Amino acid sequence: TSPGDLKVLSALLQDSIVPTADILYTPSQKKVIMVLQRFRWELIKNAETIGKSIVYQRCLCGLVIDKVEYMQTQQIDMNDRSQFLNFLTFYDSDQRLDLQFSGSKTIRLSINGLKLTAKDIGESWPTTQRPKHEETT
């Protein structure tokens, strides 16, 4: 996975809802696996391009992050399996990958190389809610 790929993946996954119950770290396999409820931004872009009415949709998306040496969390209680996190973006630096969520919540991974795989799972479903972002000045 290149830094350019990471930007595309970050944009694709922005505003995904991630239940903490659907995040698994397996130290023996050096993987983090999660299932996100991805907002399908690409449908809006396509509809706006051709002037078509927009139906908002979400779909399940599996994300696998390989080569993970260890995982830390900031402001996330992984034992509280009822939490829902709102994914914002990835930040990568030397041998580290941060998954930034709203509310200053972070999953920080120590990695030995950048290898991420994302794949949509099953059918999309309609949603009436389009994610909104606060304007910063």
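Cut-offs applied
- Sequence positions are assigned chain by chain, starting from 1 and proceeding in written order.
- Under the rules for a predicted model, residues below a pLDDT of 70 receive no local features and side-chain atom pairs below 80 are neither given nor counted, while totals for whole chains, interfaces and linings still include all residues.
- The basis for every side-chain value is the complete set of heavy atoms in the structure, and neither hydrogens nor water enter the calculation.
- A run of H or I in DSSP counts as a helix once it spans at least four residues, and a run of E counts as a strand once it spans at least two, with each numbered from the N terminus.
- Only protein chains enter the accessibility calculation, which uses a 1.4 Å probe. A residue is then buried if its area is under 20% of the maximum for its type, exposed if over 50%, and partly exposed in between.
- Arc definition: directions from the helix axis to the C-beta atoms.
- Pairs of residues are marked as contacts when any of their non-hydrogen atoms sit within 4.5 Å.
- Stacked, edge-to-face and tilted labels apply to pairs of Phe, Tyr and Trp rings (six-membered ring for Trp) whose centres lie within 6.5 Å, assigned for plane angles under 30 degrees, over 60, and everything in between, in that order.

Asks: How should unusual backbone geometry be read in this particular structure?
Replies: Peptide bonds are, in most cases, trans, and in most cases residues other than glycine have a negative phi. Positive phi values are uncommon outside glycine, yet D15 reaches one of about 75 degrees. Relative to the assigned elements, D15 resides in the loop between α1 (3-13) and β1 (17-19). With a phi angle near 65 degrees, Q75 is a residue other than glycine that sits in the positive phi range. By the secondary structure assignment, Q75 is in the loop between β4 (57-74) and β5 (84-93).

Asks: Is there a simple way to explain α1 in this structure?
Replies: Each full turn of the α-helix corresponds to 3.6 residues, which orients residues three or four apart in the same direction. Buried within α1 are the following residues: L6, L9, S10 and L13. Mapping the buried residues of α1 onto a view down its axis gives an arc of 105 degrees, with all of them on the same face. Seen from the open side of α1, the exposed residues pointing more than 90 degrees away from its buried face are K7 and V8. Residues of α1 that are buried make contact with β3 (31-39), β4, β5, β6 (96-101) and β7 (105-126). Where α1 terminates, the next one or two residues include D15, which has phi positive at roughly 75 degrees.

Asks: What should I look at first to understand the environment of I17 in this one?
Replies: Here I17 is to be found in strand β1. Between the alpha carbons of I17 and L60 there is a distance of 9.6 Å; along the sequence they are 43 residues apart. Dropping the residues within four chain positions of it, I17 is found in contact with V35, L36, Q37, R58, F84 and L85.

Asks: Honestly, the packing of aromatic side chains in this entry has me stumped. Any pointers?
Replies: For any two aromatic rings, the description comes down to two numbers: the centre-to-centre distance and the angle of the planes. For the structure shown, the criterion picks out four aromatic pairs. On the basis of an interplanar angle of 75 degrees and a centroid distance of 5.8 Å, the ring pair of F87 and F101 is categorised as edge-to-face. One end of the pair, F87, is in strand β5; the other, F101, is in strand β6, and 14 residues separate them in sequence. A single burial state applies to F87 and to F101, both of which are buried. Taken together, the ring pairs in this structure connect F39, W41 and Y56 into an aromatic cluster.

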